[in-house]
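Results of the structural survey
If you want the building blocks of each chain, they are given just below.
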Amino acid sequence: MIERILPERVVSAEQFGDVPGATLFPEEETLVARAVAKRRREFTTGRHCARRALGLLGVPPGPILRGDGGAPLWPSGTIGSITHCDGYRAAAVTSKRDVLSLGIDAEPYGPLPADVLDMVASPEEIAALRRLGDGSVDWDKILFSAKESIYKTWFPLTGRWLDFTEASVDIDPSGEFTATLSISDPRMGTDRLTGRWIASDGLVATAVVLPR
Ligand SMILES: CC(C)(COP(=O)(O)OP(=O)(O)OC[C@H]1O[C@@H](n2cnc3c(N)ncnc32)[C@H](O)[C@@H]1OP(=O)(O)O)[C@@H](O)C(=O)NCCC(=O)NCCS
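Residues numbered from 1 in each chain as written. Predicted model: local features only at pLDDT ≥ 70, side-chain atom pairs only at ≥ 80, totals over all residues. Heavy atoms only, no water.

Another point: the site of the ligand. Around the ligand there are 23 residues in total, and Arg39, Arg47, Thr83, His84 and Glu148 lie nearest to it. A distance of 3.5 Å is found between an oxygen atom of the ligand and a backbone nitrogen or oxygen belonging to Ile82. Glu107 is positioned with one of its side-chain polar atoms (N or O) 3.3 Å from an oxygen atom of the ligand. Across the complex, the protein chains shield 83% of the 920 Å² of accessible surface that the ligand would expose by itself. Elements represented by at least two residues in the shell around the ligand include exactly helix H2 (37-56), strand S2 (78-85), strand S4 (99-108) and helix H5 (139-158). In terms of residue class, the shell around the ligand is made up of eleven nonpolar, four polar and eight charged. Among the domains, domain 1 (2-104) and domain 2 (105-211) are the pair contributing at least three residues each to the shell around the ligand. (Near = heavy atom within 4 Å. Polar contact = N/O pair within 3.5 Å; in protein donor to acceptor, adjacent residues only side chain to side chain. Areas by Shrake-Rupley, 256 points an atom, 1.4 Å probe, with all protein chains shown as cover. Helix = DSSP H or I, 4+ residues; strand = E, 2+ residues; numbered from the N terminus. Nonpolar A, V, L, I, M, F, W, Y, C, P; charged D, E, K, R; others polar. Domains from an automatic or database assignment.)

On to the side chain of Thr78, then. Within the element layout of this structure, Thr78 appears in strand S2. Polar side-chain contacts of Thr78 include one of 2.6 Å to the backbone oxygen of Pro75. Not counting chain neighbours up to four residues away, the residues in contact with Thr78 comprise Leu54, Leu57, Val59, Thr94 and Lys96. (Contact = heavy atoms within 4.5 Å.)

Attention now goes to the packing of helix H4 (residues 123-132) against H5. Two elements in contact, H4 and H5, have axes separated by 10 Å at closest approach and are oriented at 135°. By the angle between their axes, H4 is oblique relative to H5. Two packed elements cross with a definite hand, and for H4 against H5 that hand is right-handed. In contact with Glu125, Leu129 and Leu132 of H4, H5 contributes Trp139, Asp140, Leu143 and Lys147. Class assignment of the residues belonging to the contact of H4 with H5 gives a composition of four nonpolar, no polar and three charged. (Axes fitted to C-alpha atoms, helices over the stretch in contact; angles between N-to-C directions. Parallel < 35°, antiparallel > 145°, perpendicular 65-115°, else oblique. Left-handed = near helix turned anticlockwise from the far one by under 90°.)

A separate point is the pairing of strand S3 (residues 88-95). Taken across its eight residues, S3 has eight buried, putting it largely inside the fold. Taking every second residue as pointing to the same face, both faces of S3 are buried, with Tyr88, Ala90, Ala92 and Thr94 on one and Arg89, Ala91, Val93 and Ser95 on the other. Note: strand S1 (residues 11-15) against S3, five bridges, orientation antiparallel. Pairing of Val11 across the sheet is with Val93, part of S3. What sits between S2 and S3 in their antiparallel hairpin is a turn of two residues, with Gly87 showing a positive phi close to 85°. (Buried < 20%, exposed > 50% of the residue type's maximum accessible area, 1.4 Å probe, protein only. Pairing = 2+ DSSP bridges.)

Below, the structure is given as structure tokens:
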């Protein structure tokens, strides 16, 4: 599913459940030593997907530790992103040569609670979602996921928090979206991001790729 919204130069691996027998490196074990079973499972399958995707780039298996703010620390010369939600885990990676940063996110399909929507979207964004119409599509969940992908693209480059109100997202029903950031950072090189979305199999997924 995630492959369908990523450009060719970004490789990915996904699982619609956990992988029996998937293991962590000892250094990774320490990151989830005190975590509950559900968290250990999603972390382990996320790392498993990341190693499979890195393998497609020719990178041998190794520990993927955690950097500041929770972002994964990718092997030298590569960058990527991990997501997990009920029933789905995925990782996307690429060479740093062509891509400055990327973020992926997946969420179970279904409407956002109204109070959450008010926290993550501006009145203008909510009005634009209403104009998209077609009650069969949960545009608000797509908007939320897009903002998570934007944050995962933004943070590894800048090391800064980005609030939901600091990105304005415009969703195109064709499967794309654009975001305009109201704060800028020279490490991003732009305040406009583009991404793609997909809704399938009871899930919504989004991806943002910022070319170098
Ligand atoms: C960090 C955050 C984006 C994770 O998203 P999520 O939907 O809760 O969870 P997901 O399963 O999709 O993603 C979790 C993975 O994201 C990655 N991640 C965590 N923090 C990250 C960060 N600061 N930067 C990049 N990736 C990060 C990790 O790989 C993590 O999995 P792992 O801990 O097993 O390695 C989210 O919890 C958050 O803090 N959001 C608030 C900030 C935000 O979204 N602002 C909106 C700006 S428009």
